[in-house]
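# Survey of secondary and tertiary structure
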Amino acid sequence: MSGSARTSVAVLLSGRGSNLASLIAACDDADYPAHIVLVLSNRADAAGLDLARNAGIPALAIEHRTFGGNRETHEQAIDAELRAAGVECVCLAGYMRRLTPFLVEAWHGRMLNIHPSLLPAFPGLHTHERALQAGVKLHGCTVHLVTEAVDEGPIIGQAAVAVAPDDTPETLAARVLRQEHLLYPLALRRHLTNAAPVASEATLIAV
Ligand code: GAR
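Here's a quick rundown of the structure. (Residues numbered from 1 in each chain as written. Predicted model: local features only at pLDDT ≥ 70, side-chain atom pairs only at ≥ 80, totals over all residues. Heavy atoms only, no water.)

### Some words on empty space enclosed by the protein
- What the rule picks out here adds up to one cavity of 30 Å³ or more.
- Of the voids in this model, the largest cavity is the one considered here, and its volume is about 40 Å³.
- Lining the largest cavity are Arg71, His74, Glu75, Tyr95, Arg97, Arg98 and Leu99.
- Looking at the lining of the largest cavity, its residues break down into two nonpolar, one polar and four charged. (1 Å grid on protein atoms, 1.4 Å probe; cavity = no way out; pocket = protein on both sides within 12 Å on 5 of 7 lines; lining within 4 Å. Points joined across faces, edges and corners; volume = space filled by probe spheres on them. Nonpolar A, V, L, I, M, F, W, Y, C, P; charged D, E, K, R; others polar.)

Right under this line is the structure:
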């Protein structure tokens, strides 16, 4: 697929960036329908920014703290950078700021999020602890379109893992994270191409 036929994607993150890494790897495939043109973070110390720079992707911090608590002004600055970079689709990948209606509406239908649970179960934080406390036998991750309500919005794909009797939040998180790295590129592809579900080695992935 030529560069111009690919959708220009931005990734928003707040930390480590392992999902960014999986999206970068997917975009290395010439047939993948997206390329990452910008990585943005609300934290200048986010490791994901270095990861992007090392991959030759423009990376920018727009620190929310410098906006004195004005969420919408912060988002306007983000939105301006997204538009300046020609972004067509936004992937939230560990972006830990609650969005205002401004950014949600500006990117309606064009903003995806990955969440570490099988939504609608366990929206919000501490999903792995809560899954263990609830005694669920299946846990996992979800890629969905972003709407105004947090961790709601149409589901594009999910991947599940079995919960082991001796799981801790950490062991469960690590197993879910491996599925996140498989799921996000598949779900983004599905969103951009409306392709048929992709057969995967992980039969529990549904996109
Ligand atoms: C991921 O587990 C992602 O699902 C989660 O943050 C982590 C980011 O990891 N996102 C949320 O909790 C959003 N509510 P990463 O920086 O290594 O991709």
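Moving on, there is more to tell.
### Some points on the pairing of strand E5 (residues 111-115)
- In terms of burial, E5 is a largely internal element, five of the five residues being buried.
- Alternating positions in E5 separate into two faces, Met111, Asn113 and His115 on one and Leu112 and Ile114 on the other, with burial throughout.
- Note that strand E4 (residues 89-92) and E5 share three bridges and pair parallel. Looking at E5, one finds that leucine 92 is bridged to asparagine 113.
- Considered for its hand, the β-α-β crossover made up of E4, helix H4 (residues 101-106) and E5 is right-handed. (Buried < 20%, exposed > 50% of the residue type's maximum accessible area, 1.4 Å probe, protein only. Helix = DSSP H or I, 4+ residues; strand = E, 2+ residues; numbered from the N terminus. Pairing = 2+ DSSP bridges. Right-handed = clockwise from strand over helix to strand, strands pointing away.)

### So, the site of the ligand
- In the neighbourhood of the ligand, the contacting residues comprise Arg16, Gly17, Ser18, Asn19, Gly94, Met96, Ile114, His115, Pro116, Leu177 and Glu180.
- Taking serine 18, its side chain carries an N or O atom lying 2.5 Å from an oxygen atom of the ligand.
- When the ligand sits alone it has 450 Å² of accessible area, and the protein chains cover 86% of it.
- Of the pockets mapped on this structure, the ligand occupies the largest pocket.
- For the shell around the ligand, the secondary structure elements donating two or more residues are helix H1 (18-27), E5 and helix H6 (169-193).
- Of the residues that constitute the shell around the ligand, the class distribution is four nonpolar, five polar and two charged. (Near = heavy atom within 4 Å. Polar contact = N/O pair within 3.5 Å; in protein donor to acceptor, adjacent residues only side chain to side chain. Areas by Shrake-Rupley, 256 points an atom, 1.4 Å probe, with all protein chains shown as cover. Sits in = over half its atoms within 2 Å of the grid points.)

### Points about helix H3 (residues 71-84)
- Compared with an ideal rise of 1.5 Å per residue, which puts 14 residues at 20 Å, H3 spans 20 Å between its outermost C-alpha atoms and is within 8% of the ideal.
- If you check which residues of H3 are buried, you get His74, Glu75, Ile78, Asp79 and Leu82. Around the axis of H3, the buried residues are gathered within 140° of arc, so they sit on the same side.
- Looking at the buried positions of H3, the neighbouring elements they touch are strand E1 (7-13), strand E2 (34-41), E4 and H4.
- Downstream of H3 by a residue or two, glycine 86 has a phi angle that is positive, lying close to 70°. (Expected span 1.5 Å × (residues − 1). Arc of directions from axis to C-beta. Contact = heavy atoms within 4.5 Å.)

### Some points on the nonpolar core
- Membership of the largest hydrophobic core comes to 35 residues, with the highest contact counts inside it found for Val11, Ile36, Val39 and Leu188.
- Counting residues per element, this core draws most heavily on H6, at six residues.
- The next biggest cluster of nonpolar side chains, apart from the first, holds 18 residues, and it includes Val37, Leu82, Leu92 and Leu103. (Core = buried A, V, L, I, M, F, W, Y, C linked by side-chain atoms within 4.5 Å.)

### Focus on the sheet that holds strand E3 (residues 59-61)
- An order of E3-E2-E1-E4-E5-E6-E7 is seen for the seven strands of this open sheet, with the pairing classed as mixed. Lying at the two open borders of the sheet, with one neighbouring strand each, are E3 and strand E7 (155-162). Here the strands of the sheet are splayed against their neighbours by 20° on average, with no regard to which way each runs.
- Where E5 meets strand E6 (residues 138-145), four bridges bridge the pair, whose relative direction is antiparallel. Among the inter-strand pairings, leucine 112 is bridged to a residue of E6, identified as leucine 145.
- Those strands touched by H1 are E1, E2, E4 and E5, and its axis lies near 155° from that of E2. (Axes fitted to C-alpha atoms, helices over the stretch in contact; angles between N-to-C directions.)

Coordinates in, geometry out; function isn't part of it.
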